[in-house]
There are 2 protein chains.
Amino acid sequence: MQNFSYDHLYRFTYDMLTKIGCPESDAKIATEVLLSADLRGVDSHGVARLSGYVRLWEKGRINATPNVRVTYETPSTAVVDGDSGLGLVVAPFAMKVAIEKAKNVGTGWVSVKNSNHYGIAGYHAMMALEHDMIGISLTNASPLVSPTFSKERLLGTNPISVAIPANEEPAFVADMATTTAANGKLEILQRKGLDTPTGWVQDRDGNPTTSANGVKDGGALLPLGGDREHGSHKGYALGAIVDIFSAVLSGANYGPWVPPFVAFLDPLPNLVGEGIGHFFGAMRVDAFRPADEFKSHMDNWIRRFRSAEPTPGNEKVLIPGDPERELEAIRRTDGIPLLDPVVKDLTQLGERFGVKF
Amino acid sequence: MQNFSYDHLYRFTYDMLTKIGCPESDAKIATEVLLSADLRGVDSHGVARLSGYVRLWEKGRINATPNVRVTYETPSTAVVDGDSGLGLVVAPFAMKVAIEKAKNVGTGWVSVKNSNHYGIAGYHAMMALEHDMIGISLTNASPLVSPTFSKERLLGTNPISVAIPANEEPAFVADMATTTAANGKLEILQRKGLDTPTGWVQDRDGNPTTSANGVKDGGALLPLGGDREHGSHKGYALGAIVDIFSAVLSGANYGPWVPPFVAFLDPLPNLVGEGIGHFFGAMRVDAFRPADEFKSHMDNWIRRFRSAEPTPGNEKVLIPGDPERELEAIRRTDGIPLLDPVVKDLTQLGERFGVKF
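No experiment lies behind these values; they were computed from the predicted model shown.

Draft legend 1. How the structure looks around the sheet that holds strand β10 (residues 220–221) of chain B. Residues and elements named next belong to chain B. Read across the sheet, 3 strands follow the order β9-β8-β10 without closing on themselves; strand pairing throughout is antiparallel. Strand pairing shows two members of the sheet lacking a second neighbour, β9 (208–209) and β10, which therefore form its edges. Strand direction decides the pairing type here: strand β8 (residues 201–202) and β9, joined by 2 bridges, are antiparallel. Across the sheet, residue V201 finds its bridge partner in β9, namely T209.

Printed below as a string of structure tokens:
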């Protein structure tokens, strides 16, 4: 493990992206989105993924110079075609469209097709905050999750992010996979040689397992809830809603047809749509009540929850977004820790393209 | 246990509601909403609650002749003031506003204040289906749920319903509390003298318990996930989002201030808003792509998931809404089973008001 400054990682990522042909403005926003994951502690979605994106570009599955555009719209909705671009570029474009529509008619809702992995969901939702809007960001993803009672993997970890502005308090920012645990947590346990808790994973035969290698070995992540008795049908329904809003509305691939993120796995034949899908929403809070009124009630909401009496052994009740914001403050000062295999991977990536890590 | 025909329960409920002064059209819609819960198997939200609504009316907390109205709007949004009416009446009014806005600008979003319990979330979401729209229905509710790490009850079971139209297949209809299990399931276990699974309930000291009386005894329901290790912070975040969309956007009471449904508990002093809150959304599918295209892809989605290979010991993968729809078909024919205490309660209610059960 070694710490790197934000600026160091920014420069490397930006240089790599321009090296594969991204226009400067695209490289800039993509770098920002990617590194926001590292800052906020979602290490599996940050710079550790850079070489994965590059390999997809090498396979011709990511277009470094896409013509991202609105292909259909009404006053409050749009469909965006990502033209196989980096999701890191396509998603902010689409979220801006949602924000513009919200300025005009109160809310904006954009479904996206023909995109790729878009980094952390929270970045895009949080774009709404500075406009005094609530931001919503959903995406589907490569199938690693089995619905309740299914042996087959049919859904991605399909995250939901909702960002809600407050006044004096920091914003409420939920950003969560619709599974009990995201894949990144399995990788941490694998490295430590530890088992998972119950309800995270099933094995290739569809039986519950606590092996951290369960998904690698052909099993699946489980929807939030874990099993039927603990409400996994609800996690499954949430993941399904994310899939349908992101892909059936836009014309992207859904369910088991979502193309894999890893370049060594090919997309299925007979795809049902184009690329992967996202869904974004922006709601002006003053389309409901005066913004200052709304935001001062959010302060009150946040303070009441944060000051609730904690359960034995716990220090305090957290507000969604608290841990990530606190970590970001630390990492902006102390740097971002990268595991040795990630450092090696980035060094080799740089060497292949003549960019010093 | 005794079975009653839909028509029998319809007549009794309608007569009772007109008896307390509801206008005929209000009594009709309220009866339909209430009984849709009994038909769909959400027995805790159906006719078993009728005497609870009446007691709230007797306390002056429900207005039988409300002036339900839009108090603020933009092309895609509105705030509705329920004027302390039955949620069973206020919610369909607000959902219709959302649908009209969607006809005009693609989507409609309505936040509601000054309302009461609105029956099952799914009824209102499903109103969108006949218009080829996706329907969304959220509500906050009396605080029975402790956020992750909280000893205090700060949230309701705050359900999320999303209804999505298909073509030849029946619609996708998710309707779920954001807790591991809803309160109705605890009542079933209480009657049988059984314990709950882990992750459903904590006791009054904030420790995990499997007592089905845990909530009655001053404990709390737990957010979907159950504990931190199993993702309860996600269920907590979902319940919080429902609370904020329903009440902070509209000006209703939120969090621990939501007035209790039971008439023997008074609302807190120093309320932060008016009544309880709901949130509704309607999205025209053809605001994104042609409706027939969307709906035939939904058929394909549903068929692919329904035909997935099941896990050992399970028959098939279900689509959200399948169990409720199948039960509704049975109950429309065979009648609706009511427990003896419910029959007794309704009989006594009728006697008090001169309506024969």
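Draft legend 2. Structural view of the pairing of strand β5 (residues 133–139) of chain B. All names here are of chain B. Within β5, 7 of the 7 residues are buried, which leaves the element mostly enclosed by the surrounding structure. Residue alternation in β5 divides its side chains into two sets, M133, G135, S137 and T139 and I134, I136 and L138, and both sets are buried. Pairing of β5 with strand β11 (residues 276–284) involves 7 bridges; the strand directions are antiparallel. Within the sheet, the bridge partner assigned to S137 lies in β11 and is F280. Taken together, the 4 bridges between β5 and strand β6 (residues 160–164) define a ladder with antiparallel strand orientation. Within β6, the residue paired with I136 across the bridge is V162.

Draft legend 3. Region of the structure containing the packing of aromatic side chains. Evaluation of the coordinates by the stated rule reveals 29 aromatic pairs over all chains. When the centroid spacing of 5.9 Å and the interplanar angle of 45° are considered together, the rings of B:Y6 and B:Y10 count as tilted. One end of the pair, B:Y6, and the other, B:Y10, are both in helix α1 (residues 6–19), 4 residues apart, so they sit about a helical turn from each other. Centroid distance B:Y254 to B:W257: 5.7 Å. Interplanar angle 80°. Geometry classified as edge-to-face. By the burial criterion, B:Y254 is buried, and B:W257 matches it. Members of the aromatic cluster, each reached through a chain of ring pairs, are A:W109, A:F245, A:F279, A:F288, B:W109, B:F245, B:F279 and B:F288.

Draft legend 4. Layout of the relation of the copies chain A and chain B. Under the fitted operation, chain A is carried onto chain B by 0.0 Å of movement along the axis and a turn of 180°, and the coordinates agree to an RMSD of 0.0 Å. One copy is carried onto the other by what is essentially a two-fold rotation axis. Residues of chain A ranked by C-alpha distance from the rotation axis are headed by A:G225, positioned 2.5 Å from it. Of the interface residues in chain A, 100% have counterparts in chain B that sit at the interface too, so the contact is made through matching surfaces.

Draft legend 5. Looking closely at the interface of chain A and chain B. Every contact between the two is made by 92 residues of chain A and, on the other side, 93 residues of chain B. Between chain A and chain B, the buried area comes to about 7300 Å², and carbon and sulfur atoms account for 68% of it. For chain A, the biggest contributors to the area lost against chain B are A:F149, A:K234 and A:F288; these three give 11% of the whole. For the pair chain A and chain B, the number of links is 4 salt bridges. The salt bridge partner of B:E152 is A:R304, with a shortest N-O separation of 2.6 Å. Our count for the chain A to chain B interface comes out at 36 residue pairs in polar contact (both at pLDDT 80 or more). Elements supplying a minimum of two residues to the side of chain A that touches chain B: β3 (77–81), β4 (107–115), β5 (133–139), β6 (160–164), β7 (172–176), α7 (232–248), β11 (276–284) and α8 (291–306) of chain A.

Draft legend 6. View of the pairing of β3(A). All names here are of chain A. The buried fraction of β3 is high, at 5 of 5 residues. What you see with β3 is no split at all: T77, V79 and D81 on one side and A78 and V80 on the other are buried throughout. As judged from the 4 bridges shared by strand β2 (residues 69–73) and β3, these two strands associate in the antiparallel manner. Of the residues in β3, the one forming a bridge with Y72 is V79. Linking β2 back to β3 in an antiparallel pair, the connection comprises 3 residues. Relative to β4, β3 runs parallel, the two sharing 5 bridges. Its bridge partner being in β4, T77 is matched across the sheet by W109.

Draft legend 7. Spatial organisation of helix α10 (residues 340–353) of chain A. Residues and elements named next belong to chain A. The terminal C-alpha atoms of α10, which comprises 14 residues, lie 20 Å apart, in line with the 20 Å expected from a rise of 1.5 Å per residue. Those residues of α10 not exposed but buried are V342, V343, L346, L349, G350 and F353. Down the axis of α10, the smallest arc covering the buried residues is 130°, so these residues share one side. What points out from α10, more than 90 degrees from its buried face, is the exposed set P341, K344 and E351. Packing partners of the buried residues in α10 comprise β1 (2–4), α1 (6–19), α3 (50–58) and β12 (336–338).

Calculation criteria
Residues numbered from 1 in each chain as written. Chains lettered and ligands numbered in written order. Predicted model: local features only at pLDDT ≥ 70, side-chain atom pairs only at ≥ 80, totals over all residues. Heavy atoms only, no water. Pairing = 2+ DSSP bridges. Helix = DSSP H or I, 4+ residues; strand = E, 2+ residues; numbered from the N terminus. Buried < 20%, exposed > 50% of the residue type's maximum accessible area, 1.4 Å probe, protein only. Phe/Tyr/Trp six-rings, centres within 6.5 Å; stacked < 30°, edge-to-face > 60°. Least-squares fit on C-alpha atoms with pLDDT ≥ 70 in both. Contact = heavy atoms within 4.5 Å. Buried area = accessible area lost by both parts, 1.4 Å probe. Salt bridge = Lys/Arg side-chain N within 4 Å of Asp/Glu carboxyl O. Polar contact = N/O pair within 3.5 Å; in protein donor to acceptor, adjacent residues only side chain to side chain. Expected span 1.5 Å × (residues − 1). Arc of directions from axis to C-beta.

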